[in-house]
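Take a look at the letters that make up each chain.
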Amino acid sequence: LNPPWPHPTSDTNVVNGGLGKTHNPESLLDIAARRVAEKWPFQRVEERFERIPEPVQRRIVYWSFPRSEKEICMYSSFNSGGDESGTSGENNDETQLPFLRGVTLLEGGWVDNVLQVGFHLSGTVTDTATSSQPEMVCSVSVSFDRCKITAVTCSCGNKDIFYCAHVVALALYRVRKPEQVKLHLPISETLFQMSRDQLQKFVQYLISVHHTEVLPTAQKLADEILSTNSEINQVHGAPDPTAGASVDDENCWHLDEEQVQEQVKLFLSQGGYHGSGKQLNLLFSKVREMLRMRDSNGARMLTLITEQFMADPRLALWRQQGTTMNDKYRQLWDELGALWMCIVLNPHCKTEQKCSWLRELRRWNSVDVCPWEDGNHGNDLPNLTHSLPQGAHGNQESRPHRTVFTRAIEACDLHWQDRHLQHIIASDLYLISLCLSEHVPTACARVDALRSHGYPREALRLAIAVVNTLRRQQQRQLEHFRRHKKELLHKAITSITNMEGWVGHPLDPIGTLFSTLTETGRGAEEGILLFFFFLTQMRLLGEGESYGALAVETALIGLGQQRVMPDGLYAQEKVCRNEEQLLAKLQEVELDDTLVKIFRKQAVFLLESGPYSGLGEIVHRESVPMHTFTRYLFTSLLPHDAELAYKIALRAMRLPVLESTASSGDLSRPHHMVSVVPNRYPRWFTLSHIESQQCELASTMLTAAKGDSCKLETVLESIQKNIHSSSHIFKLAQDAFKIATLMDSLPDITLLKVSLELGLQVMRITLSTLNWRRREMVRWLVTCATEVGVYALDSIMQSWFTLFTPTEATSIVATTVMSNTTIVRLRLDCHQQENLASSARTLALQCAMKDPQNCALSALTLCEKDHIAFETAYQIVLDAAVAGMSYTQLFTIARYMEHRGYPMRAYKLATLAMAHLNLSYNQDTHPAINDVLWACALSHSLGKNELAAVIPLVVKSVKCATVLSDILRRCTLTTPGMVSALHSRRNSGKLMSLDKAPLRQLLDATIGAYINTTHSRLTHISPRHYSEFIEFLGKSRETFLMAHDGHIQFTQFIDNLKQIYKGKKKLMMLVRERFG
């Protein structure tokens, strides 16, 4: 059954093109012939009338050729505007498009020998020579039927989806210059008028002219005709290619199916490279263009495309590997599913057509690799044709997986026979304030189908009815919430009223409504739509309304809907992408007073609609956040109603999915809602994007609130309460700092304080966690506090332990505070400088107490100018040296003390460091060796007593012979006590004796170390190390000889080696050669 409104007639009844305007009324013959030529196959005409006069036949044949260039353009370029390149995508020169090239050839006079015989048009087109190819004369032929080109051939050998330029040139010649085309009746009519002699002459001349091509065929046909039992004699009459279509022939424009399949296969094989994704989208646009023209090839072409998509070998590979398809390819599948929805919802399609499509859809749907609708291998959504449940209960696991074709399959059950729907679509006078009871996405799918199939008026009527439904529903929801507000707020719990949100929905219902309304409004403004729109606007719209305003309101309703975050990465990304697309369209609309009223009204609805709104007082823990949408609302409302703008933006700042869940009776934090979806932990793959949008909303509010201390304080509280990411809070702190310290104005101290408060929050959050930007954050905070003032610096130093580690507090905070740069920046007097320095010293001492290993040196440096503080820091070092500090740290501090002129304190710390050191025999490159040599040199310079005290520590800690020998030689070169000699006359100036303490102990230890090291090296020595070992023995002999009986000791040592290691003959031979 068809809908009650009439099938729109084709616009081909307008005589255009080369005929120009006619001032005389058409003849009845032409009117009748044109109608017959449009609707009837010529065979039916011949069967209906026993004899058709030749003039009538001529006029039918004349009017059977297409009279509009629109379809010719559609089949020879990617769109009717001619602004896209050919399917190869390699040539962006518009002049090379087949349609435009064809126009150029026609206008250049390159079309010749045009002949129309019945329903067959032929001619030659000369393709002019270019730098890359010579001149080419192409033979072109075109068959047509009922104002459609049904077959084309061209000798150019074109391989493409669309007609070549030569076919275009010939067809346009016939459209624009029909009177210059020599027209003949079908060849069978001409033959019918010939006598036998004429027929024989005709055949013989034909064979003579084309004997090389047709002679074999002519002889074969002659033999069959002369044979009484041949198949050719069993059929009445003979075929005539110029006689038009038979009754059984399908009447459609010529489409090269093989080329469609090859091109799609090629684009898919390119995997998204070389612009293949763009080309496939252009093919989808071509399908939509065909549907708008009510061309049956739209469905035919989409079937061919779908077959190639389903045959893509990557589908099986991805399923086998468990990987997902890329985002762009996934969007192509979405468009494929949406196009099938449009096709099966064609209001005038025949039942047998819909059954045929349903069989194909079910076949594709049953294939194992068919992509699933949500991109996540599964979907819990209810059937398309039923309303959604008001909760998340029900047996979801029993539902089968939904593929990209599921909605189209379900749509095959939809019809257009509902009386209410018929009245809305068919009549402008019907009360359009009445609402639809149909599921909103389904109703919007109908709107899209009507638009797609070339029914703009009907689509507009239905779109307005859907919007009225949304507005009426919104009002009812608000009233319902107000009645039950106390009960819901007491429970502090809500369920998702829309498990299937409209934004990010596979059918894009809000986008469909918006496009339908804005295109209508734009067309009316530009004066290019039918007069219908001028006559019916006042009937369709309320007082003061416009299509643009209705579109904006629709978008606001859809974007503000509370809806659950879908499962799966792709579905969640689609929600974000669809929201951004709608907002981009809204931002193109210039706000006037009418739209501002709509914004105000919708903002109030969103704030007061409770669980039906994403900005209601109570929201589901897993509902889609409103940050991106609200930022647009905020900036739009701010110049007109700042209070409402801030109210809605502050409400939107929440992100319940990151909050701890409150109990159902907890009223202290009503924005924390209990999830009613059982056993479902939210997996928000787009959480980082959502948090960044939350941050952008906060930054926008901070910028707008500059200069308003009350608003800034409110925004700050919201940020501290709702934003949980340290990196985002830090970004907000930096943003606030930049805004507050713009070069063209004085610093905004309130905004600076906000920046500081956010910075302090970042410090507290990241204090006990690893963050690679931590040092940057600490340095920035000190800079910010400096801008705020000296009291801010003093405050962060007073409470340093809640903000910084001891190392950060001393090495960054206190050091920066006491720098000259800070003092100059703050313009402090002496008293203020001293107070600030006192706080820094106190901080340093506290840090040294807490972490002496890392902070002691910084504390000593910071306390240099205060004797008491310095002594306190030194005592902290001494107390920690016994157990808490390493020899490296102690040596570093000891060197610092010597550098500052405290040699005895340096000596004390050096001896403490030596107690922690242990150098084994083979550690002759240890980094602490320089520190040991320095400590011994310091002790030697202080005097004999200090050297005597340190040598036992050296002997105990150092087992490396070369290091000990180095120390021994240094101690014998100069007189000890050079430092004390400057202050005392008791120094004799004599060198110390190796036969007496303390050097005797060191000499014995060095000799013992050489002996032990020698035995250790000989245990695992290899021949390649023999020469190195001999050199080592040579150095040991130098140490042995420092003793008065050293020669004897060394000889005995060598003799022992020869005896013990006599098995190492080669080595011992080298020893004898060198040492006897």
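The model shown is predicted, which means the values in this text are computed figures rather than measured ones.

A. How the structure looks around the overall build of the protein. Helix and strand counts for the protein come out as 48 helices and 5 strands. When burial is assessed residue by residue, the protein has 50% of its 1076 residues classed as buried. The long-range share in the protein, meaning contacts at least 24 apart out of those at least 6 apart in sequence, stands at 73%. On the protein, roughly 52,600 Å² of surface is accessible, and the fraction owed to carbon and sulfur atoms is 52%.

B. Quick peek at the side chain of Thr 516. By secondary structure assignment, the location of Thr 516 is in helix H21 (residues 509–526). Owing to a relative accessible area of 3%, Thr 516 belongs among the buried residues under this scheme. A polar side-chain atom of Thr 516 sits 3.4 Å from a polar atom in the side chain of Arg 451. Of note is the side chain of Thr 516, whose polar atom sits 2.7 Å from the backbone oxygen of Thr 512. Once residues lying within four places of it in the same chain are set aside, the contact partners of Thr 516 are Val 447, Arg 451, Ala 459, Leu 460 and Ala 463.

C. Fine view of a nonpolar patch on the surface. A cluster of nonpolar side chains, Ile 187, Phe 202, Val 203 and Leu 206, forms an exposed patch at the surface whose accessible area comes to about 290 Å². Top contributing element to the nonpolar patch by residue count: helix H8 (residues 196–209), with 3 residues. Note on placement: Val 203 falls in helix H8. What makes Val 203 partly exposed here is its relative accessible area of 42%.

D. Examining the UniProt feature "domain: SWIM-type" (unreviewed entry) in the protein more closely. Listed under "domain: SWIM-type" (unreviewed entry) in the UniProt record, and renumbered for this structure, are residues 138–175. Each end of residues 138–175 is marked by a C-alpha atom, and these two atoms are 20 Å apart; helix forms 29% of the span and strand 39%.

E. Up close: the pairing of strand E2 (residues 120–127). Of all 8 residues in E2, 6 are buried; the element is thus mostly enclosed. Sheet topology places strand E1 (residues 111–117) next to E2; 5 bridges connect them, and they run antiparallel. Within E2, the position partnered with Val 111 by the bridge is Val 125. Looking at chain direction, E2 and strand E3 (residues 136–145) are connected through 8 bridges and run antiparallel. Within E3, the residue paired with Thr 126 across the bridge is Val 137.

F. Quick peek at the packing of helix H5 (residues 98–107) against helix H6 (residues 165–176). With their axes 7 Å apart at the nearest point, H5 and H6 run at an angle of 55 degrees to one another. Judged by the angle between their axes, H5 and H6 are oblique. Where H5 crosses over H6, the two elements pack in a sense that is right-handed. Residues Pro 98, Phe 99, Arg 101, Gly 102, Val 103, Leu 105, Leu 106 and Glu 107 of H5 form the contact with H6, whose own contacting residues are Ala 165, His 166, Val 168, Ala 169, Leu 172, Tyr 173 and Arg 176. For the contact of H5 with H6, the class distribution of residues is 10 nonpolar, 2 polar and 3 charged.

G. The environment of Glu 410, seen in detail. Relative to the helices and strands, Glu 410 is located in helix H16 (residues 406–411). Once the C-alpha coordinates of Glu 410 and Met 341 are considered, the two residues, 69 residues apart in sequence, prove to be 9.1 Å apart. Polar side-chain contacts of Glu 410 include one of 3.0 Å to the side chain of Arg 402.

H. Seen up close, the nonpolar core. Ranked by internal contacts, the top residues of the largest apolar core, which has 289 residues, are Ile 305, Phe 309, Trp 333, Phe 405, Leu 702 and Phe 804. Tallying contributions element by element places helix H14 (residues 327–344) first for this core, with 10 residues. Among the nonpolar cores identified, the runner-up in size contains 8 residues, and Met 565, Leu 655, Val 657 and Trp 684 belong to it.

I. Focus on the pattern of salt bridges. What the rule picks out here adds up to 47 salt bridges. Glu 289 is the salt-bridge partner of Lys 286, the closest N and O atoms lying 2.9 Å from each other. Of the two residues, Lys 286 and Glu 289 are both situated in helix H11 (residues 276–292); the distance of 3 residues between them amounts to about one turn of the helix. Here Lys 286 falls in the buried class, since its relative accessible area comes to 0%. Given a relative accessible area of 5%, Glu 289 falls into the buried group. In this structure, the salt-bridge partner of Glu 519 is Arg 451, at a minimum N-O distance of 3.0 Å. Pair noted here: Glu 519 is in helix H21 and Arg 451 is in helix H18 (residues 440–452), with a separation of 68 residues, a long-range link.

J. How the structure looks around unusual backbone geometry. Even without being a glycine, Arg 294 presents a positive backbone phi close to 55 degrees. Note on placement: Arg 294 falls in the loop between H11 and helix H12 (297–310). Judged by relative accessible area, which is 32%, Arg 294 ranks as partly exposed. Even without glycine at this site, Asp 508 takes up a positive phi of about 45 degrees. Turning to its location among the elements, Asp 508 is positioned in the loop between helix H20 (485–491) and H21. For Asp 508, a relative accessible area of 24% gives the class partly exposed.

K. Structural detail: the sheet that holds strand E5 (residues 182–184). Taken in spatial order, the 5 strands of this open sheet run E4-E3-E2-E1-E5, and their pairing is mixed. Here the strands that pair on one side only, and so sit at the sheet edges, are strand E4 (148–154) and E5. Each neighbouring strand pair of the sheet contributes to a mean axis angle of 20 degrees, computed without reference to strand direction. Two elements, E3 and E4, share 6 bridges in a ladder whose sense is antiparallel. Across the sheet, Val 142 pairs through a bridge with Val 152, a residue of E4. Sheet strands touched by H5: E1 and E2. Its angle to E2, the strand with the most contacts, is close to 85 degrees.

L. Geometry of the pairing of E1. A loop of 2 residues connects E1 with E2, the two strands running antiparallel in sequence, and Gly 118 in this loop sits at a positive phi of about 60 degrees. Across 3 bridges, E1 lies against E5 in parallel orientation. Residue pairing in the sheet places Leu 115 in a bridge with Lys 182 of E5.

So, how was this worked out
Residues numbered from 1 in each chain as written. Predicted model: local features only at pLDDT ≥ 70, side-chain atom pairs only at ≥ 80, totals over all residues. Heavy atoms only, no water. Helix = DSSP H or I, 4+ residues; strand = E, 2+ residues; numbered from the N terminus. Buried < 20%, exposed > 50% of the residue type's maximum accessible area, 1.4 Å probe, protein only. Contact = heavy atoms within 4.5 Å. Areas by Shrake-Rupley, 256 points an atom, 1.4 Å probe, with all protein chains shown as cover. Polar contact = N/O pair within 3.5 Å; in protein donor to acceptor, adjacent residues only side chain to side chain. Patch = residues over 30% accessible without salt bridge, like charges linked within 9 Å, V, L, I, M, F, W, Y side chains within 5 Å. Salt bridge = Lys/Arg side-chain N within 4 Å of Asp/Glu carboxyl O. UniProt positions renumbered as here; feature names shortened; annotations may be inferred. Pairing = 2+ DSSP bridges. Axes fitted to C-alpha atoms, helices over the stretch in contact; angles between N-to-C directions. Parallel < 35°, antiparallel > 145°, perpendicular 65-115°, else oblique. Left-handed = near helix turned anticlockwise from the far one by under 90°. Nonpolar A, V, L, I, M, F, W, Y, C, P; charged D, E, K, R; others polar. Core = buried A, V, L, I, M, F, W, Y, C linked by side-chain atoms within 4.5 Å.

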